[in-house]
Structure formats: structure tokens, C-alpha cells
Amino acid sequence: MSDTFVCCPFCGLLCDDLTIALNKGQAQIESAGCARAVKLFVVPRQSQALVAGQAVDLAAAYRAAAAILTRSQHPLMGGLACDVTGHRAALALAEKVGGVVDHMNGQAQFRNWLPFQDGGWMTTTLSEVRNRADLIVLAGTDTSRFPRFFERCLTPESQFGELHRQIIALGTNLPLIPGRPTDTDLAIPIQNERLGELFAALRARLAGHRLDAPDIAGVPLAQIDALLVALHAARYGVLVWNAAELDFPNADLAIQAMVNLIKDLNRTTRWSGLPLGGNDGDTSAAQVCTWQAGYPLRTTFEASGPHYEPMLYATDALLESGDVDALVWISAFDPERTPPTANCPTIVLGRPDMIFTRPPDVFIPVAVPGVQHTGFLHRMDAVVALPLSAPAPADLPSVAQALVAIQQKLNHAAA
């Protein structure tokens, strides 16, 4: 028997049209899954908890994790790749032990959040893109990290009838995306590092300023003007970017130039942004931290209350500086997202098929949300949380159950 309309938890699209069957106790996709989903839905039903590389039962692993946190003065709750309930438990534990929280995708998240916090932005939803957008501009991304984006969001059919849309791609070595339902109409090669210059030039030309240069960032001025005409003619344009692919210094300034151009275009027509993301539960982690603590991720919990400092509390910076003395790494979706190198005791709550080059001090195998236990995740556009089913349930604890068990051991030790 098969489960239908199963939600896939392995990228920010949260495609909810999968059909899953059980094959020897493991989930097997029968229809609608991308290659990433086909790979990650296959999860072992069992695994072994480890302490110092030695097999132990779960109770002993919880005690060992609690002992590390008891000795710690400032632990880092990192990774945070889990479902909403797991995020709630991680925040509660961080508050109890005076820890700091950051997501494994924190670097990319903050490239978006810095311009958002500085001046706000105008964004849209996946449904609006599918049903209304007649011009899509892909800036520095071919959306391949979200394998079904074209299939799910850029089909010719819409809720309001057939939609004729154009797609323009800007960026480094962008292909024409062959084999997709809708091919790219125009590709303008430009180094991703120089996208900010291009969007600043578009803003200047839109404002009527003269540019005394034959080209901007290698793009001829005549092509910039032609691009601006196309942007201006759109009835509902959407600018799409993926901050994870804009991995260069000061990329937040390039994103700021994009969101400012969107604001300018909205004076005469309708434009929105669509920041791709949400992989590894990062959108959910951000939502939960904001509603529970009142601050974004990269917040530490002190006796005086939460303290938000995005530059100081990045995972890499904390581990490099030694400002944290224990690492709790949560990675329940992708076995390849193992913890970073840390010169401090490390506790890993990970997928049962996670393999380490250097075993952590404590490894607690956890069930995969959306495969082995139910839950919720927020979609990349942050407007809806979708329910996750459990087509292949296992006896492993969820992240939330494991964190609650560790906190109970802490409470017992303190009593």
C-alpha cells in the first residue's frame, strides 16, 4: 500500500505530491520525487548510539551528553537541521544551559537578513509565482539546488489560465537550462560577484541618470537599457536569488541592490523578490527562534535574557575563537552534513546513516522528520508550515525527544 500526497522535507520547496511505498521497511518513492528525494528518503531503521566511539544504549548517551553540558559554560547549539518541534526543544535547552544558537546555513541566511533588517524588502510566495508572474529573473542561480522549482512553480498553466512568461538568467556560466518545462529566454553572463554593480546600474538608469561607461561589469550599456525595458514592461515580475550561491565577500550588498531595485520598480509596475532557501529546515529554525526568543538566530541566552549578535555568534567564528566550550550539532536530514571541526566536546544528534571521519564524543541517532516521524516544516517563502507524515516509522527518537531526554538528565543532576 502506498502513501499519497507525502510532503518531502529535503529542500525548501516542500513538494507535497509524492507517492511513497514501503519496501522492506524503508520508504521508496513511486512518483514525483527528484533525485535528492529518492536518495534521502532511504534511511536505516536502526543505528547505534556512541560515547567516545563505543556502542552504548540511548540512556547512557543522554547521560554523557548531559555531563558535557553540565561542565560547559557556553555551549553552541548548531546545525539545527530538524523540524519545528526539534527547534523548539533546541531553543529550550539553549535557554536552560546558557547556549548560543546558529543554523548550519547561517552564512547564507544572514546575507539575506542583513539587507532585510536594514531597509525591508518586498517578497512573494511560490503560489503567486506560479499563478501570476509573467517575468522571472534568475540572479546568480539556475535553481538546480531546488530540483523541482521549474516543474512546480514555472509551468505554463496557472490558476487563472495559461500564463505566458519570460525567464531571464543573470550570472556566472548560467546554462539555458535545457530540458526544463520552460526554457530560459535570455541569459546574460556576468560574474556573480558583480551582480551588485549591474543592479545598481539598473537603478541609476531607472532614475534617469546617465552612465558614462560603455559597459557595467562587462554588460554593455545598451543591453542594460534593454533589460530595464523588459523589467519595466512586466505586469508581475519576480526576481529570484539564492543567497547560498552568492558566496563572496559583501554579498549582502548585492542582495540589497536587488531588493532596492524591486522597490523602485514598484512605483510604476508590480515586482517582488523570491529568496530561495529553506533547505535543512533553516526557514523553520529562523521562524521558531524569532517567535520564541524575539530575536533571530545567532542569539545567545544569558542571565539577563537573549542577546543577538550576528557577527560574533556565527558558528565558524565561535569555534575558531574558542568562545564556546561544547558543540551540540543537530543534523537530521542529510547524512553528509556532519559537524565542523571543533576543539571542544561535541554531541551529535544525526541521521542513523551518518558517517564520521572523527567520531564525536557522543552520537545519538535520531529519526528523520517526514520519513520516520511526523512533524511540521516552514516552506521557503515562510508563509505556510506544511505537515510531515511518517511513511517509514522507526523506533529511533526524534530530535525533540532526544533533547528533552538530555534536559531531563540535566534536571536530575541539578536536583
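This text goes with the structure placed above it.
Residues numbered from 1 in each chain as written. Predicted model: local features only at pLDDT ≥ 70, side-chain atom pairs only at ≥ 80, totals over all residues. Heavy atoms only, no water.

Participant: For this particular structure, what's the right way to read the sheet that holds strand 18 (residues 305-308)?
Facilitator: The strands making up a sheet are joined through hydrogen bonds of the backbone, oriented either antiparallel or parallel. Spatial ordering of the open sheet is given by 5-4-21-20-19-6-7-17-18, a layout of nine strands whose pairing is mixed. Each having just a single partner strand, strand 5 (54-56) and strand 18 make up the two edges of the open sheet. One ladder, built from three bridges, connects strand 4 (residues 49-51) with strand 5; its direction is antiparallel. Each bridged residue has a counterpart across the sheet, and for leucine 50 the counterpart in strand 5 is alanine 55. (Pairing = 2+ DSSP bridges. Helix = DSSP H or I, 4+ residues; strand = E, 2+ residues; numbered from the N terminus.)

Participant: Just to check I follow, could you spell out the environment of aspartate 252 for this structure?
Facilitator: Tracing the sequence through the fold places aspartate 252 in helix 9 (residues 251-265). With 120 residues separating them along the chain, aspartate 252 and glutamine 372 place their C-alpha atoms 37 Å apart. Once residues lying within four places of it in the same chain are set aside, the contact partners of aspartate 252 are Arg111, Leu114 and Pro115. (Contact = heavy atoms within 4.5 Å.)

Participant: I tried to follow the sheet that holds strand 3 (residues 26-31) on my own but got confused; where do I start?
Facilitator: Read from one edge to the other, the open sheet built from three strands follows the order 1-2-3, with strand pairing classed as antiparallel. Whereas interior strands pair on both sides, the edge strands pair on one side only; in this sheet they are strand 1 (2-6) and strand 3. Within the sheet, the average angular offset between the axes of one strand and its neighbour, ignoring direction, is 35°. (Axes fitted to C-alpha atoms, helices over the stretch in contact; angles between N-to-C directions.)

Participant: Looking at this model, I keep getting lost on the pairing of strand 15 (residues 237-242). Mind explaining?
Facilitator: For a regular strand, side-chain orientation follows a simple rule: the groups alternate between the two sheet faces. For strand 15, the buried fraction is high: six of the six residues fall into the buried class. The alternating pattern of strand 15 places Gly237, Leu239 and Trp241 and Val238, Val240 and Asn242 on opposite faces, both of which are buried. Note that strand 8 (residues 135-139) and strand 15 share five bridges and pair parallel. What sits directly across from leucine 138, in strand 15, is valine 240. Two strands pair when backbone bridges link them, and strand 15 and strand 16 (residues 271-276) are joined in this way by six bridges, in the parallel orientation. Its bridge partner being in strand 16, glycine 237 is matched across the sheet by tryptophan 271. As a crossover connection, the stretch from strand 15 through helix 9 into strand 16 is right-handed. (Buried < 20%, exposed > 50% of the residue type's maximum accessible area, 1.4 Å probe, protein only. Right-handed = clockwise from strand over helix to strand, strands pointing away.)

Participant: Which parts of the structure should I look at to understand the packing of aromatic side chains?
Facilitator: Aromatic ring pairs: the centre-centre distance and the angle between the two ring planes describe each pair. All chains considered together, the criterion is met by nine aromatic pairs. Aromatic pair phenylalanine 356 and phenylalanine 363: ring centres 5.2 Å apart, planes at 70°, arrangement edge-to-face. Each member of the pair, phenylalanine 356 together with phenylalanine 363, is buried. These aromatic residues form a ring-pair network of at least three members: Phe110, Trp113, Tyr295 and Tyr308. (Phe/Tyr/Trp six-rings, centres within 6.5 Å; stacked < 30°, edge-to-face > 60°.)

Participant: Would you take a moment to explain the pairing of strand 8 for this structure?
Facilitator: Counting buried positions along strand 8 yields five of five residues, so the element is predominantly enclosed. As paired strands, strand 8 and strand 11 (residues 166-171) are joined by five bridges and run parallel to one another. By the bridge assignment, alanine 139 is partnered in strand 11 with leucine 170.

Participant: Please clarify how the nonpolar core should be interpreted in this entry.
Facilitator: Considering soluble globular proteins, one finds that nonpolar side chains tend to be buried as a cluster. Counting residues in each nonpolar core, the largest one holds 57 residues, and the members touching the most others are Leu13, Leu18, Phe41, Ile136 and Phe149. If near-sequence neighbours (up to four positions away) are discounted, leucine 13 is found in contact with Leu126, Phe146, Arg148, Phe149, Cys153, Arg379 and Met380. By size, the runner-up hydrophobic cluster in this structure holds 43 residues, among which are Cys82, Val101, Ala400 and Leu410. (Core = buried A, V, L, I, M, F, W, Y, C linked by side-chain atoms within 4.5 Å.)

Participant: What is the right way to read the packing of helix 2 (residues 58-71) against helix 12 (residues 399-414) from this model?
Facilitator: The packing of two helices is summarised by the inter-axis angle and the distance between the axes. The geometry of helix 2 relative to helix 12 is characterised by a closest axis approach of 8 Å and an angle of 60° between their N-to-C directions. For the pair helix 2 and helix 12, the sense of crossing is right-handed. On the side of helix 2, the interface is formed by Ala59, Tyr62, Arg63, Ala65, Ala66, Leu69 and Thr70, while helix 12 contributes Ala402, Ala405, Ile406, Lys409 and Leu410. (Left-handed = near helix turned anticlockwise from the far one by under 90°.)

Participant: Is there a simple way to think about the environment of tryptophan 113 in this case?
Facilitator: Within the secondary structure layout, tryptophan 113 lies in helix 4 (residues 106-119). Once the C-alpha coordinates of tryptophan 113 and glutamine 256 are considered, the two residues, 143 residues apart in sequence, prove to be 9.9 Å apart. Dropping the residues within four chain positions of it, tryptophan 113 is found in contact with Ala286, Pro296 and Leu297.

Participant: Honestly, the pattern of salt bridges in this entry has me stumped. Any pointers?
Facilitator: Going through the model one piece at a time under the given rule, you end up with 19 salt bridges. The partner of arginine 152 in a salt bridge is aspartate 17, and the shortest N-O contact between them spans 3.2 Å. Here arginine 152, found in helix 6 (residues 149-153), pairs with aspartate 17, found in the loop between strand 1 and strand 2 (18-23); they are 135 residues apart in sequence, far enough to count as distant. Here arginine 152 falls in the partly exposed class, since its relative accessible area comes to 24%. We classify aspartate 17 as partly exposed; its relative accessible area is 24%. In this structure, glutamate 128 engages arginine 270 in a salt bridge whose closest nitrogen and oxygen atoms are separated by 3.5 Å. Remark: arginine 270 occurs in the loop between helix 9 and strand 16 and glutamate 128 occurs in helix 5 (residues 126-132); sequence separation between them is 142 residues. Under the relative-accessibility criterion, arginine 270 is labelled partly exposed at 41%. The network of salt bridges with shared partners includes Asp16, Asp17, Arg148, Glu151 and Arg152. (Salt bridge = Lys/Arg side-chain N within 4 Å of Asp/Glu carboxyl O.)

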